[in-house]
Amino acid sequence: MLPTIMKKLINDPDDVVDEMLDGMTAAHPDRLSRLPDTQVLVRDDGPVGDKVALVTGGGSGHEPTHAGYIGDGMLDGAAAGDVFSSPTADEFEELIGACDAGDGVLAIIKNYEGDVMNFETAIELAEMEGVEVESVVVNDDVAVEDSLYTSGRRGVCGTILVHKAAGAKAAQGADLSEVKRVAEKVVDNVGTMGTALTSCVTPEKGEPTFDLGDDEIELGIGIHGEPGTERTEAMPADEVTEELTDAVLDDLDLDEGQEVLTVVNGMGATPQMELFVVNRRLQEMLGERGLETYDAWVGDYMTSLDMAGASITVCAVDDELKELFDAPADTPALTVK
Amino acid sequence: MSEDDAGTAAGAPAGANAEGAAAVAAVEAVAERIEDERDHLTQLDSAIGDADHGGNMARGWAAAADAAGDLADPDPETVAKTVGKTLMAEVGGASGPLFGGSLVFAAAELGDGITPESAVAFAETYLEKVEDRGDARVGDQTVVDALTPAVHTFKKSIEVDDLPPIEALAKAVDAAERGVAFTVPIRARKGRASYLGWRSVGHQDPGATSALFILEELLAVAADRLDVEIPETDASSPTIPDDEAAEDDPAEGAGSEDG
């Protein structure tokens, strides 16, 4: 019999984000610092001069997203909301103000209603204070047009690639419009779809967000346990991989010979073993379709608490994006040398 | 009073003390009302959303009342900005930027105090910000459905009909009330309720309902401060001035709002 209250390593649901952030800065005291009285983490050596600042944020529960990507070659700061809830506009405003070194700020926003509204309010307030801010909204999830939390497509794991490419461009000293152009180039060329084998359990609720039978999986899920597009019987890894990959590739509609960067992303409770099994079939399929893999990332990049499952991201790359994905990055969650 | 406090008072526009005090009183009245209506709002939201509107708004307005009450010799702009910032920080979700963020931007219209003209500008800017931020228009089953008739009726009552502001405000509240009723038989196009599709038809929008409660308290406090009865409104036709209203001296009404 399943327990109604899941076991978790938490003290109090109300303290979980606060305590997580303190734990993160304690793990990376030389990289991260927390703005007083906020849930905002920024580069310890920031604001970094002669560089466009990159900021992002969103609900907690997606670790290492968002703060895990703060550092050289990626983000300058990130605001953490409560679990699966947008940070408030004032926190975003503090984030922008703290990271701006006078060369402008690019806000990278995942397309969720709360994130977009709070970030846009903060941007307008920051602009009134004289900060130059541009934003890009990431909407890489090919599964749904409208979902429980957003109008239009959701922003999911492809966001990491936006952080990487735009972060590298900013590190090269490019101006705000150039950094934004690169971010939009990734958004235009990336697609993602995910599947859940189990529901996640939020600390607040203590029980599964949605019911999924022992023999069922959900295709096209978001990163908050919101429903996907289709519920099916559990399938072998190859078949699941084919469902996800087909959906992404159909959406991207790439020419034969196109080079791509792929990400097989774990949702939080899936062993690496399984992610590599998925990646194996993904790479086979790309070959069958005449696509060339430029780089393949496998790991937990944007999770959904303790959800079991994975998402597949494909991004078409050109020479510029390849150079930016290869450029050095030094962050808690992603290092490229 | 400290020297800092004295400096603030000296630098404030004439009449700021009375207007600022009225603004603080209005915020306190709204906070009390939203707390009273907390369960009602939660009930409305649980039918179409995630049942957090009542709790979030009650928490936000309680904090806003505290913050406004802590201001020393505030002027209306400062009160509006403080309340907006506090709501933005405390309410969260979409309601934080919609109710609070919009207030921060509209506050600047009150920089020279509360006059019929500045009140209209304030109302229009507020509505515009809510529309833009939420990307919502009339008929989407959102707070815009309450605010639009309220703001349009207020503006028309002041600018076209030359009604005293307190009567214009009473008509605006009446218009908002019918805007809230209008949210019931229409389908949600924005916000959480929109995901229900046609199932959203038949539900009263919680955000629009909150806006009505806020406007009702503004009216009550304004009438109290002016020491007048809340004017009766002709619910059948807010756009045509009724005979009673036409008999009033608009100049006198406009002046009394400042006092």
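Summary of the structure given here. (Residues numbered from 1 in each chain as written. Chains lettered and ligands numbered in written order. Predicted model: local features only at pLDDT ≥ 70, side-chain atom pairs only at ≥ 80, totals over all residues. Heavy atoms only, no water.)

So, the layout of surface pockets
Residues and elements named next belong to chain B.
For step 1, the next point in the chain: By volume, the second largest pocket is sized at about 1,100 Å³.
For step 2, the next point in the chain: Lining the second largest pocket we find 42 residues, and of these A26, I114, F122, L169 and L218 sit closest to its centre.
For step 3, the next point in the chain: When contributions to the lining of the second largest pocket are tallied by element, the ones reaching two or more residues are α2 (16–36), α5 (76–90), α6 (95–106), α7 (116–134), α8 (144–159), α9 (165–183), α10 (206–226) and α12 (250–258).
For step 4, the next point in the chain: Among the elements that make up the lining of the second largest pocket, the one with the highest residue count is α10 (eight residues).
For step 5, the next point in the chain: For the lining of the second largest pocket, a count of residues per class yields 36 nonpolar, two polar and four charged. (1 Å grid on protein atoms, 1.4 Å probe; cavity = no way out; pocket = protein on both sides within 12 Å on 5 of 7 lines; lining within 4 Å. Points joined across faces, edges and corners; volume = space filled by probe spheres on them. Helix = DSSP H or I, 4+ residues; strand = E, 2+ residues; numbered from the N terminus. Nonpolar A, V, L, I, M, F, W, Y, C, P; charged D, E, K, R; others polar.)

So, the sheet that holds strand β4 (residues 77–83) of chain A
All names here are of chain A.
For step 1, the next point in the chain: Spatially, the six strands line up as an open sheet ordered β1-β2-β4-β3-β5-β6, and their pairing is mixed. A single partner strand is all that each edge strand has here, and the edge strands are β1 (32–34) and β6 (133–138). In this sheet, adjacent strand axes meet at a mean angle of 25 degrees when their direction is disregarded.
For step 2, the next point in the chain: Relative to strand β5 (residues 105–110), strand β3 (residues 53–60) runs parallel, the two sharing four bridges. Residue pairing across strands places L54 opposite L106, the latter belonging to β5.
For step 3, the next point in the chain: On top of the sheet, helix α2 (residues 89–99) reaches β2 (40–43), β3, β4, β5 and β6; it is set at about 155 degrees to β3, its chief contact. (Pairing = 2+ DSSP bridges. Axes fitted to C-alpha atoms, helices over the stretch in contact; angles between N-to-C directions. Contact = heavy atoms within 4.5 Å.)

Observations regarding the packing of helix α4 (residues 158–171) of chain A against helix α5 (residues 176–189) of chain A
Each pair of packed helices can be summarised by the angle the axes make with each other and by the distance between the axes.
Residue and element names in this part refer to chain A.
For step 1, the next point in the chain: As a packed pair, α4 and α5 sit with axes 9 Å apart at the nearest point and diverge in direction by 155 degrees. Between α4 and α5, the angle is such that the two are roughly antiparallel. Taken as a pair, α4 and α5 cross one another with a handedness that is right-handed. Of the residues in α5, those in contact with G158, L161, V162, A165, A166, K169 and A170 of α4 are E178, V179, R181, V182, A183, V186 and V187.
For step 2, the next point in the chain: When its residues are assigned to classes, the contact of α4 with α5 shows 10 nonpolar, one polar and three charged. (Parallel < 35°, antiparallel > 145°, perpendicular 65-115°, else oblique. Left-handed = near helix turned anticlockwise from the far one by under 90°.)

Some details on helix α3 (residues 113–128) of chain A
All names here are of chain A.
For step 1, the next point in the chain: Across its 16 residues, α3 extends 23 Å between first and last C-alpha, which sits within 8% of the 22 Å expected from 1.5 Å per residue.
For step 2, the next point in the chain: The buried count for α3 comes to 13 of 16 residues, which makes it a mostly enclosed element.
For step 3, the next point in the chain: The positive-phi residue at the C-terminal boundary of α3 is G130, with phi of around 95 degrees. (Expected span 1.5 Å × (residues − 1). Buried < 20%, exposed > 50% of the residue type's maximum accessible area, 1.4 Å probe, protein only.)

Quick word on the packing of α2 of chain A against α5 of chain B
For step 1, the next point in the chain: The geometry of α2 of chain A relative to α5 of chain B is characterised by a closest axis approach of 6 Å and an angle of 95 degrees between their N-to-C directions. Judged on the interaxial angle alone, α5 of chain B and α2 of chain A are roughly perpendicular. Each of A89, D90 and E93 of chain A in α2 of chain A lies in contact with α5 of chain B, whose residues at this interface are K85, M88 and A89 of chain B.

Here's the deal with the pattern of salt bridges
Should the charged atoms of two oppositely charged side chains come close, the side chains can pair.
All names here are of chain A.
For step 1, the next point in the chain: Applying the stated rule across the entire model yields 40 salt bridges over all chains.
For step 2, the next point in the chain: D72 is the partner of R43 in a salt bridge, and the nearest nitrogen-oxygen pair spans 2.9 Å. Of this pair, R43 sits in strand β2 while D72 is found in the loop between β3 and β4, placing the two residues 29 residues apart along the sequence.
For step 3, the next point in the chain: Look at R43 and you get buried, because its relative accessible area is 6%.
For step 4, the next point in the chain: Overall, D72 belongs to the partly exposed group, its relative accessible area being 44%.
For step 5, the next point in the chain: Put simply, K322 and E259 hold a salt bridge, and the shortest N to O gap is 2.7 Å. (Salt bridge = Lys/Arg side-chain N within 4 Å of Asp/Glu carboxyl O.)

Overview of the environment of V83 of chain B
Residues and elements named next belong to chain B.
For step 1, the next point in the chain: The residue V83 is located in helix α5 in this model.
For step 2, the next point in the chain: Judged by relative accessible area, V83 falls into the buried class, the value being 1%.
For step 3, the next point in the chain: It is 9.6 Å that separates the C-alpha atoms of V83 and G101, two residues lying 18 residues apart in sequence.
For step 4, the next point in the chain: Not counting chain neighbours up to four residues away, the residues in contact with V83 comprise V27, W61, A64, A68 and L103.

Here we look at the interface of chain A and chain B
For step 1, the next point in the chain: Across the boundary between the two partners, chain A contributes 17 residues, which contact 17 residues of chain B.
For step 2, the next point in the chain: Carbon and sulfur atoms make up 57% of the surface buried where chain A meets chain B, a total of about 1,500 Å² over both sides.
For step 3, the next point in the chain: Three residues, M117, T121 and E124 of chain A, lead the burial of chain A against chain B; their summed loss comes to 33% of the area buried on that side.
For step 4, the next point in the chain: The tally of links between chain A and chain B comes to four salt bridges.
For step 5, the next point in the chain: The closest approach of N and O atoms between E120 of chain A and R133 of chain B, which form a salt bridge, is 3.8 Å.
For step 6, the next point in the chain: For the pair chain A and chain B, the number of links is five residue pairs in polar contact (both at pLDDT 80 or more).
For step 7, the next point in the chain: With eight residues, α3 of chain A is the largest single contributor of residues to the side of chain A that touches chain B.
For step 8, the next point in the chain: A class-by-class count of the residues in the side of chain A that touches chain B yields six nonpolar, six polar and five charged. (Buried area = accessible area lost by both parts, 1.4 Å probe. Polar contact = N/O pair within 3.5 Å; in protein donor to acceptor, adjacent residues only side chain to side chain.)

Focus on a negative patch on the surface
Residue and element names in this part refer to chain A.
For step 1, the next point in the chain: A cluster of acidic residues, D12, D14, D15, E19, D82 and E204, forms a negative patch on the protein surface.
For step 2, the next point in the chain: Summarising the element assignment, D15 is placed in the segment before α1 (16–27).
For step 3, the next point in the chain: Relative accessible area serves as the criterion here: at 32%, D15 is assigned to the partly exposed category. (Patch = residues over 30% accessible without salt bridge, like charges linked within 9 Å, V, L, I, M, F, W, Y side chains within 5 Å. Areas by Shrake-Rupley, 256 points an atom, 1.4 Å probe, with all protein chains shown as cover. Lys, Arg positive; Asp, Glu negative; His and termini not counted. Charge placed at Lys NZ, Arg CZ, Asp CG, Glu CD.)

Notes on the side chain of T125 of chain B
For step 1, the next point in the chain: Following the sequence through the fold, T125 of chain B ends up in helix α7.
For step 2, the next point in the chain: One polar contact links T125 of chain B to E109 of chain B, side chain to side chain, over a distance of 2.8 Å.

Points about the sheet that holds strand β10 (residues 259–266) of chain A
For sheets, the rule is that strands pair by backbone hydrogen bonds, running either parallel or antiparallel.
Residues and elements named next belong to chain A.
For step 1, the next point in the chain: The six strands are arranged β9-β8-β7-β12-β10-β11 in an open sheet whose pairing can be described as mixed. For this open sheet the edge positions go to β9 (230–233) and β11 (292–299), each flanked by a neighbour on one side alone. When the angles between neighbouring strand axes are averaged without regard to direction, this sheet yields 20 degrees.
For step 2, the next point in the chain: Note that strand β7 (residues 190–196) and strand β8 (residues 216–219) share two bridges and pair antiparallel.

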